[in-house]
Amino acid sequence: MEQQFEAEVTDGGERLDKYLASIYTQQSRSFFQKLIKDELVLVNGSLSKTSYRVEPGDTVSVTMPKAQEIAVLPEAIPLDILYEDFDLLIVNKPKGMVVHPSAGHFSGTLVNAVLYHCKDSLSGINGEIRPGIVHRIDMDTTGALIVCKNDAAHICIAHQIKEHTVTRRYRGIVLGRVKEDSGRIEGAIGRHPTERKKMAVNEKNGKPAVTHYRVLQRFRQHTYLEFQLETGRTHQIRVHMASMGHPLLGDALYGNGKNPFHLKGQTLHAMVIGFLHPSNQAYMEFTAPLPEYFQELLEKKL
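Residues numbered from 1 in each chain as written. Predicted model: local features only at pLDDT ≥ 70, side-chain atom pairs only at ≥ 80, totals over all residues. Heavy atoms only, no water.

Within the protein chain, the regular secondary structure consists of 6 helices and 15 strands. Taking 19 Å as the expected radius of gyration for a compact globule of 302 residues, we find that the protein chain reaches 20 Å, a close match to that expectation. Overall, the protein chain is about 65 × 45 × 40 Å in size when its C-alpha atoms are taken along their principal axes. Within the protein chain, buried positions represent 50% of all 302 residues. Residue pairs at least 24 apart in sequence account for 67% of intrachain contacts in the protein chain once pairs closer than 6 positions are excluded. When the accessible surface of the protein chain is summed, it comes to about 14,900 Å², and 49% of that surface belongs to carbon and sulfur atoms. Separation between the mean location of the 36 positive side-chain charges and that of the 34 negative ones in the protein chain comes to 10 Å. (Helix = DSSP H or I, 4+ residues; strand = E, 2+ residues; numbered from the N terminus. Rg over C-alpha atoms; globule rule 2.2 N^0.38 Å. Buried < 20%, exposed > 50% of the residue type's maximum accessible area, 1.4 Å probe, protein only. Contact = heavy atoms within 4.5 Å. Areas by Shrake-Rupley, 256 points an atom, 1.4 Å probe, with all protein chains shown as cover. Lys, Arg positive; Asp, Glu negative; His and termini not counted. Charge placed at Lys NZ, Arg CZ, Asp CG, Glu CD.)

Written out as structure tokens, the structure is:
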């Protein structure tokens, strides 16, 4: 069954297809180019071209075609639920869990778990492959993640993420002693020019990215930090800290290859998530406690 969604533009200047891809973050610009060509997108009630640049106050209406059915099955995987209501679910994701199915990961994902937990109450904007998923964190990053249970909530949260108004604070342990007590890292992030599995600071082809950090504790060879994101690029904290010469402890992709504590992946935790609730617009903030392995590391002589 087709579904219709509507969004009001607050910041103008973007091409119509790019604007839609920034709101519905798991769909590509080419996907929306096809919808525009198929006359499924209206601006202020009228058909428009892909090249149209949206203006503040525009109302963009989208008719989304029926999502394709694929074989993603509900699985009775325990979830650490920090909060739940009619609109959304805040989950404390464990280390090693992939957020949504992908090549090599069609079971054991967060999507499999929430399909079982929520039954039919999940947003479908992104299609059956990623129901409810409005943002994500890496497989080996732990912490708070929003799952949307209906399409109105999905649109609202996606818009806040696009406008950089969602509070996202992380905790991480990095190699070396960071000198400054706090700082701001600004560097566009894009695909690494030669290693396709990696991202890199890439001012030519990357997207703008800003990370704030604050030292919480210095150890002999490591530093415990709090990070606050302005943007949410792929591997953002990992790439920015590696670019400073302080990769995250345990990061096999961006680190120095050494793993004295036999860690599985980077020591990074999405600790705090805050946003305006989709229904009543009240600000809500949730904290995911540090995982046990992380707490044990802080008690060692790092």
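A separate point is the environment of arginine 169. Looking at where arginine 169 falls in the secondary structure, it is placed in strand β8 (residues 167-175). Spatially, the C-alpha atoms of arginine 169 and alanine 144 are 9.7 Å apart, while their sequence positions differ by 25 residues.

Looking now at the pattern of salt bridges. Working definition: two side chains of opposite charge can pair if their charged atoms are close together. Under the definition given, this model contains 16 salt bridges. Between lysine 162 and glutamate 14 there is a salt bridge, with its nearest N and O atoms 3.8 Å apart. Of this pair, lysine 162 sits in helix α4 (residues 151-162) while glutamate 14 sits in the loop between β1 (3-8) and α1 (16-23), and the two are 148 residues apart along the sequence. Owing to a relative accessible area of 17%, lysine 162 belongs among the buried residues under this scheme. Here glutamate 14 falls in the partly exposed class, since its relative accessible area comes to 22%. Close ionic contact of glutamate 226 with arginine 214 constitutes a salt bridge, the shortest N to O distance being 3.1 Å. One end of the pair, glutamate 226, is in strand β13 (residues 222-229); the other, arginine 214, is in strand β12 (residues 210-218), with 12 residues separating them in the sequence. Among the ionic contacts, a cluster of salt bridges with common partners joins Arg169, Arg171, Arg214, Glu226 and Glu285. (Salt bridge = Lys/Arg side-chain N within 4 Å of Asp/Glu carboxyl O.)

The subject of this paragraph is the environment of leucine 20. Structurally, the position occupied by leucine 20 is in helix α1. Its relative accessible area of 2% is what places leucine 20 among the buried residues. Note: C-alpha distance between leucine 20 and valine 134 (114 residues apart in sequence) is 14 Å. Every residue in contact with leucine 20, bar those within four places of it in the chain, is listed here: Phe32, Val41, Val60 and Val62.

This part takes up the state of the cysteines. Such a bond, covalent and formed between the sulfur atoms of two cysteines, is termed a disulfide. Applying the stated criterion across every chain yields a total of 0 disulfides. In this structure cysteine 148 is a free cysteine whose sulfur lies 8.4 Å from that of cysteine 156, the closest cysteine sulfur available. For cysteine 148, a relative accessible area of 0% translates into the label buried. (Disulfide = S-S within 2.5 Å.)

Counting buried positions over the 7 residues of strand β7 (residues 142-148) gives 7, a clear majority of the element. Sheet analysis places strand β6 (residues 88-93) next to β7, joined by 6 bridges and oriented antiparallel. In the sheet register, valine 91 faces β7, and the bridge partner there is leucine 145. In this structure, β7 lies alongside strand β14 (residues 268-276), joined through 2 bridges in parallel fashion. (Pairing = 2+ DSSP bridges.)

Position of histidine 135 relative to the elements: it lies in the loop between α3 (110-118) and β7. Assessed through its relative accessible area of 10%, histidine 135 is described here as buried. Not counting chain neighbours up to four residues away, the residues in contact with histidine 135 comprise Ala144, Leu145, Ile146, Ile161 and Ile273.

The next thing to look at is the environment of leucine 47. Summarising the element assignment, leucine 47 is placed in strand β3 (residues 46-47). The class for leucine 47 is partly exposed, based on a relative accessible area of 49%. Sequence-wise, leucine 47 and phenylalanine 86 are 39 residues apart; in three dimensions their C-alpha atoms are separated by 34 Å. For leucine 47, the contacting residues outside a window of four places in its chain are Glu39, Val41 and Leu42.

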